[in-house]
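Descriptive analysis of the structure
Read off the chains here:
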Amino acid sequence: MNIGLFRKIAKQSAVFVKTVAGDAKGNVSLMTGLAAVPMVIVGGMAVDYLRIFNEKAALQVALDSAAIAGVAADVDTDGERETAALSFLSTNYPSMAQNPAVTFSGNDLSITASTSINAGLMGVIGHSSLDATATAVATRDQGSPVCMLSLDPTGSSAFEMQGSANVSATDC
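Analysis parameters
Residues numbered from 1 in each chain as written. Predicted model: local features only at pLDDT ≥ 70, side-chain atom pairs only at ≥ 80, totals over all residues. Heavy atoms only, no water. Helix = DSSP H or I, 4+ residues; strand = E, 2+ residues; numbered from the N terminus. Buried < 20%, exposed > 50% of the residue type's maximum accessible area, 1.4 Å probe, protein only. Contact = heavy atoms within 4.5 Å. Areas by Shrake-Rupley, 256 points an atom, 1.4 Å probe, with all protein chains shown as cover. Pairing = 2+ DSSP bridges. Axes fitted to C-alpha atoms, helices over the stretch in contact; angles between N-to-C directions.

Digging into the overall build of the protein
Of regular secondary structure, the protein possesses three helices and three strands. Counting from the amino terminus, the protein carries its helices and strands in the arrangement α-α-α-β-β-β. Across the 172 residues that make up the protein, the buried fraction comes to 18%. If you take every contact in the protein between residues at least 6 apart in sequence, the share linking residues at least 24 apart comes to 54%. Accessible area of the protein: about 12,100 Å², with a carbon and sulfur share of 59%.

Considering the side chain of R81
Looking at where R81 falls in the secondary structure, it is placed in helix α3 (residues 78–92). Residues in contact with R81, not counting those within four places in the same chain, are G70, V75, D76, F104, L109 and R140.

Observations regarding the sheet that holds strand β3 (residues 129–139)
The antiparallel open sheet is built from three strands, whose spatial order is β1-β2-β3. Lying at the two open borders of the sheet, with one neighbouring strand each, are β1 (98–105) and β3. Recorded for the sheet is a direction-independent mean angle of 15 degrees between the axes of neighbouring strands. Taken together, the six bridges between β1 and strand β2 (residues 108–118) define a ladder with antiparallel strand orientation.

Considering unusual backbone geometry
Despite not being glycine, N99 has its phi angle at roughly 55 degrees, a positive value. Inspection of the secondary structure assignment puts N99 in strand β1.

Structure (structure tokens):
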């Protein structure tokens, strides 16, 4: 690049900055316009992170269900339990779980999978996709069969009976 041309551009840029800095007309508009770009990017990042957070929550629910299905399956081998867990996962979370892996350790079944989504506005800053990974572990009890299973996120009302309710659970 020609040094003279570089100096000329630098001098013109300095004159422009001094002119804009010295003129108070339209400064609010200029600053608002300059601030709008990062604000839109931050807003887009928040939306993208919310999307991946929701996707990870859905994946976690599907993995929890698959792990329980794998240990509760009335089969004889770990391979059949793995098949049951993966089948349940593909039913509850179709075509989204990437690289599901099932491992066994004693009576524990662990299942891990990942997912990704295409980023919206984060693509502008170089992140074209967002990834999330989740893991679920369930333990197979060699005792009595599961007669009743109740899940509640708070645990306060996982199983509730009122009045003169009766529960008959033969062979439990």
